[in-house]
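So the chains spell out like this:
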Amino acid sequence: MFSSLKTKWKVNTTQFILILCTFAVTGSLTAWISRQIPGWIGFTDTTPFVYKLILRLIVLIFGYQVIILGVSLLFGQFPFFWNYEKKILKSIFKIKFPQKETNIVQVAIFASGGGSNAQQIINYFRHSSQIKIALIVSNKLDTGVLSIAQRENIPSIVIDKPTFFEKSDYIELLQTKKIAFIVLAGFLWKIPTSILQAYPEKIINIHPALLPKFGGKGMYGIKVHEAVKLAGEKTTGITIHLVDDQYDHGKTLFQAFITIHSDDSPENIAKKVLELEHQHFPSVIESYILKTNT
Ligand code: GRF
């Protein structure tokens, strides 16, 4: 029984003993205070019994929760008991405590275009207590994604080619900002080896076709859908994948498909594929990050 409690509380043996001591001392102290308190506040033998009973119950039920925090300080177990109290307050009074920033996985979105995917991702994680879009990175000054960052109050940076490819300044910046994952949402530059090494299997890209077909250098935007149409494909879709040192090449995490009709133009296909991206990209990012980050 003790070992299952230790596992449940995620504590070692010493901490477990100190926690039990906290409970024992708190129990005795609360019982003693509940007997003394009527006298301390001036209740006498003539005070109706029901008043004394209510007072003792208040001390036993609510006083206990406060006393345990004080006693836990003596045994060096305050963090454990504060978490325990927070759980009680959350479940009884529905009080919400702010999540520690350090527990939140911080994500940077790299994008060069309009940023419709970036917007979907931001919307999806807006109230998440586990994942936060903490930075937008763009290689173009005048682009939709930077307006989104400004509107959404998300820090953004514009990167320049020589620094991105030849120096490690941006890696340091990402690390200082505690970025744990990078999402490429329409980012056209190849990711340099230095960043790949700093973020192994932590960079996710979306491609608007079913890789390995219709990917690689120069395959972006409408060109992808024109190539799909020209090849007479009956289906196309999206590929969400990890980024490696080749264009559109890393491990596939997810694919979704649409049917191409004979009268579909490349623009039509692009529209349907973009809808598919919006529908799936945020949730695939979420499940990959939560799975990987445990
Ligand atoms: C998307 O089609 C994505 O697949 C590709 O770039 C495009 C970005 O579109 N990598 P948006 O800027 O998110 O609207």
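Residues numbered from 1 in each chain as written. Predicted model: local features only at pLDDT ≥ 70, side-chain atom pairs only at ≥ 80, totals over all residues. Heavy atoms only, no water.

Engineer: Sorry if this is basic, but what is going on with the overall build of the chain here?
Structural biologist: Check the secondary structure of the chain and you find 11 helices and seven strands. Scaling as 2.2 N^0.38, a compact globule of 294 residues should have a C-alpha radius of gyration of about 19 Å, whereas the chain reaches 28 Å, well beyond that. Overall size of the chain, expressed as C-alpha extent along the three principal axes, is 95 × 45 × 40 Å. Here the chain holds 294 residues, and the buried ones make up 40% of them. Contacts in the chain between residues at least 24 apart in sequence constitute 63% of all its contacts with a sequence separation of at least 6. As presented, the chain carries roughly 16,900 Å² of accessible surface, and 59% of it is formed by carbon and sulfur atoms. The average position of the 31 basic charges and that of the 21 acidic charges among the side chains of the chain differ by 12 Å. (Helix = DSSP H or I, 4+ residues; strand = E, 2+ residues; numbered from the N terminus. Rg over C-alpha atoms; globule rule 2.2 N^0.38 Å. Buried < 20%, exposed > 50% of the residue type's maximum accessible area, 1.4 Å probe, protein only. Contact = heavy atoms within 4.5 Å. Areas by Shrake-Rupley, 256 points an atom, 1.4 Å probe, with all protein chains shown as cover. Lys, Arg positive; Asp, Glu negative; His and termini not counted. Charge placed at Lys NZ, Arg CZ, Asp CG, Glu CD.)

Engineer: What exactly am I supposed to notice about the environment of Lys271 here?
Structural biologist: Summarising the element assignment, Lys271 is placed in helix H11 (residues 266-292). When the C-alpha positions of Lys271 and His225 are compared, they lie 10.0 Å apart, and in sequence the two are 46 residues distant.

Engineer: Explain the packing of aromatic side chains here, please?
Structural biologist: Two aromatic rings are characterised by how far apart their centres lie and by the angle between their planes. Evaluation of the coordinates by the stated rule reveals 16 aromatic pairs. Geometrically, the ring pair formed by Phe23 and Tyr84 is edge-to-face, given 5.9 Å between the ring centres and 80° between the ring planes. Here Phe23 is found in helix H2 (residues 13-40), whereas its partner Tyr84 is found in helix H4 (residues 78-93), with 61 residues between them in sequence. Phe23 sits in the partly exposed class, given a relative accessible area of 22%. (Phe/Tyr/Trp six-rings, centres within 6.5 Å; stacked < 30°, edge-to-face > 60°.)

On their own, these measurements won't tell you what the molecule is for.
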